[in-house]
Amino acid sequence: MMDSANAVTYLGNLTGNHPRNIWVYNLVEIQGDLIKIESGYGGRGDVNSQVETDFLLHLFALPNITLQSWQVLAGGEGYDYVVSAAGTDVGSFVAYLALD
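Rules used in this analysis
- Residues numbered from 1 in each chain as written.
- Predicted model: local features only at pLDDT ≥ 70, side-chain atom pairs only at ≥ 80, totals over all residues.
- Heavy atoms only, no water.
- Salt bridge = Lys/Arg side-chain N within 4 Å of Asp/Glu carboxyl O.
- Buried < 20%, exposed > 50% of the residue type's maximum accessible area, 1.4 Å probe, protein only.
- pLDDT = per-residue confidence, 0-100.
- Helix = DSSP H or I, 4+ residues; strand = E, 2+ residues; numbered from the N terminus.
- Axes fitted to C-alpha atoms, helices over the stretch in contact; angles between N-to-C directions.
- Parallel < 35°, antiparallel > 145°, perpendicular 65-115°, else oblique.
- Left-handed = near helix turned anticlockwise from the far one by under 90°.
- Contact = heavy atoms within 4.5 Å.
- Nonpolar A, V, L, I, M, F, W, Y, C, P; charged D, E, K, R; others polar.
- Arc of directions from axis to C-beta.

This part covers the pattern of salt bridges. Under the counting rule described, the total for this entry stands at one salt bridge. Put simply, Lys36 and Glu38 hold a salt bridge, and the shortest N to O gap is 3.6 Å. With relative accessibility at 40%, the residue Lys36 sits in the partly exposed group. Here Glu38 falls in the partly exposed class, since its relative accessible area comes to 24%.

Do not read the predicted coordinates in detail wherever pLDDT is low. With 83% of its residues at a pLDDT of at least 70, the protein reaches an overall mean of 80. Ranking the elements of the protein by mean pLDDT puts helix 1 (residues 7-15) last, at 79, and helix 3 (residues 90-97) first, at 92.

Let us now look at the packing of helix 2 (residues 50-60) against helix 3. Close contact between helix 2 and helix 3 brings their axes to 11 Å; oriented N to C, the two are set at 155°. Regarding the angle of helix 2 to helix 3, the classification is roughly antiparallel. Considering only the axes of helix 2 and helix 3, their crossing is left-handed. Residue-level contacts link Thr53, Leu56, Leu57 and Phe60 of helix 2 to Val90, Phe93, Val94 and Leu97 of helix 3. Within the contact of helix 2 with helix 3, the residues separate by chemical class into seven nonpolar, one polar and no charged.

With that settled, consider helix 2. Within helix 2, burial applies to Glu52, Thr53, Leu56, Leu59 and Phe60. All buried residues of helix 2 lie within an arc of 135° about the axis, which places them on one face of the element. In helix 2, the exposed positions angled more than 90 degrees off the buried face are occupied by Val51 and His58.

Structure, rendered in C-alpha cells:
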C-alpha cells in the first residue's frame with residue numbers, strides 16, 4: 001500500500017525516473033506473552049512513532065498486564081542488530097521515552 005505522500009516517488013521508482021528508497025512499514029506481532037513492534041523507514045527522515053508508543057502505554061496501563069522487560073533494537077538491511085536501550089519495567093520504559 002502506498003500513501004499519498006510518497007506516491008510521486010513510488011511512481012518514479014516504477015518508471016526508473018529518480019529512484020529512491022521509500023519503504024515504510026510498521027508491524028505489530030503478539031505471540032503469547034511477547035509483543036514485537038517492528039518499524040522500517042527507508043530514507044524517510046523524521047518519523048513519528050506516536051501510534052506505537054500510545055498503544056504500548058495503554059496496554060501497560062491495564063491492570064492484568066505486567067511488563068517484565070523491553071528492548072529497543074536497531075539494525076537490519078545488512079547491519080548487525082544492536083540493543084540501543086533496554087529495561088525491566090514500565091517505569092524504565094517511560095523514562096526512556098522521557099515522559100515522566
